[in-house]
Amino acid sequence: MMPIQVDKRTMFEVFDDFDKLDDAATTGRWQIVKGTGGTLALANVASGALNVPTAALANDYQLLATQQPSFKIAAEKGLFAEARLTCAEANTNQANWFFGLISAPTSGFLQASNAGPPSSYDGVVLYKAGGQMALKLQTSHGTTQQTSTVLTLVSGQSYRVGFIIDPPQTGAFARVTAQVYDETAGKLYDWGAPPNLYMTIPTASPVALYGAFGVMAGSGSAETLQVDYVRFLQPR
C-alpha cells in the first residue's frame, strides 16, 4: 500500500474517514446516485464508517461519487486508490458492489441482474457481482476490457482493497495491479507480482474519471456496503 505521508503540494488527494457525512447536492464531498436506495447513515463504530444501503428491491442501487471527474489515467500520472470495505450479505451471495474510478456515475454503474460492470466505460474498478463471491479487478477503455479474479470473499469480513496504476516509462499503456488485505485471515493478496500478473490500460486520449463506490441488490433483500474510508491519490 502507499506511504501514509504525501507532499500535498505535488499530490492531489481525496480522502474521507466518514466521521461525518458530506453529501450536499452540489457542494459536498460526494454526489449521491441511487434508484430507491436506503438511508445513508454513519455507522456507530470506532474510527467512523458509512453504511450505504439499497432498498429491499432487486436491482436497486446506491453509489457515491466525487462531485467532479478529477482523475485521469495518463502518461506520467500514476494513481493509487484504496478503501476499507465490509459487506455482510443479506441474501447469500446476492450483493453487488464496486470501488474505483469510473467515467460516469449513472444508474448505479453496475448492471442489473448481477451482470457486473457495464460493457463500455473508462476506468478501473474492484468489484463483486451477485451470484458469486469473487472479488475481481477490471480495467476498461471503452469496450476494451480486462478482468481477473483477485480472491474469494467471505460475507461479513473486512477487506482493505486497492489498486495502483503505474504510468509507462515508454509506450502507451499503464500497468494496473491490485492489493487486497484480508483482515480476518491476516493475509495480503498482491495481485500484480512481476513479470506477468498485471493488466494494462491505454494512456492516450485520457478520459476524466470520478472516484466512486456503491452497492446493488441482486435480489429482493436490502444489501448494505459499509465503508470505513476511501482514498484516491494522484500527482497534480
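Residues numbered from 1 in each chain as written. Predicted model: local features only at pLDDT ≥ 70, side-chain atom pairs only at ≥ 80, totals over all residues. Heavy atoms only, no water.

Enquirer: Before we go on, may I ask you to explain the pairing of strand S9 (residues 134–142) in this structure?
Expert: Every regular strand shows the same layout, with side chains that alternate between the two sheet faces. Within S9, 8 of the 9 residues are buried, which leaves it mostly tucked inside the rest of the structure. As paired strands, strand S8 (residues 121–128) and S9 are joined by 7 bridges and run antiparallel to one another. Opposite Leu-126, over in S9, you have Leu-137 as the bridge partner. Between S8 and the antiparallel strand that follows it, S9, lie 5 residues; Gly-131 among them carries a positive phi value of about 90°. (Buried < 20%, exposed > 50% of the residue type's maximum accessible area, 1.4 Å probe, protein only. Helix = DSSP H or I, 4+ residues; strand = E, 2+ residues; numbered from the N terminus. Pairing = 2+ DSSP bridges.)

Enquirer: Is there a simple way to explain the packing of aromatic side chains in this structure?
Expert: Think of a pair of aromatic rings as described by two things: how far the centres are apart, and how the planes are tilted against each other in angle. Applying the stated criterion across every chain, the model contains 10 aromatic pairs. Each ring, one from Phe-15 and one from Tyr-229, has its centre 6.0 Å from the other, and the planes form 25°; the classification is stacked. Of the two residues, Phe-15 is situated in strand S1 (residues 11–16) and Tyr-229 in strand S16 (residues 224–235); the sequence distance between them amounts to 214 residues. The class for Tyr-229 is buried, based on a relative accessible area of 14%. Summarising the aromatic geometry, the rings of Phe-98 and Phe-109 are spaced 4.7 Å apart at their centres and angled 45° between planes, so their arrangement reads as tilted. Taken together, the residues Phe-98 in strand S7 (residues 95–102) and Phe-109 in the loop between S7 and S8 connect sequence positions 11 residues apart. Residue Phe-98 is classed as buried on the basis of its relative accessible area of 0%. By relative accessible area, which is 5% here, Phe-109 ends up buried. Cluster of aromatic residues (ring-pair linked, three or more members): Phe-12, Phe-71, Phe-99, Phe-163 and Phe-232. (Phe/Tyr/Trp six-rings, centres within 6.5 Å; stacked < 30°, edge-to-face > 60°.)

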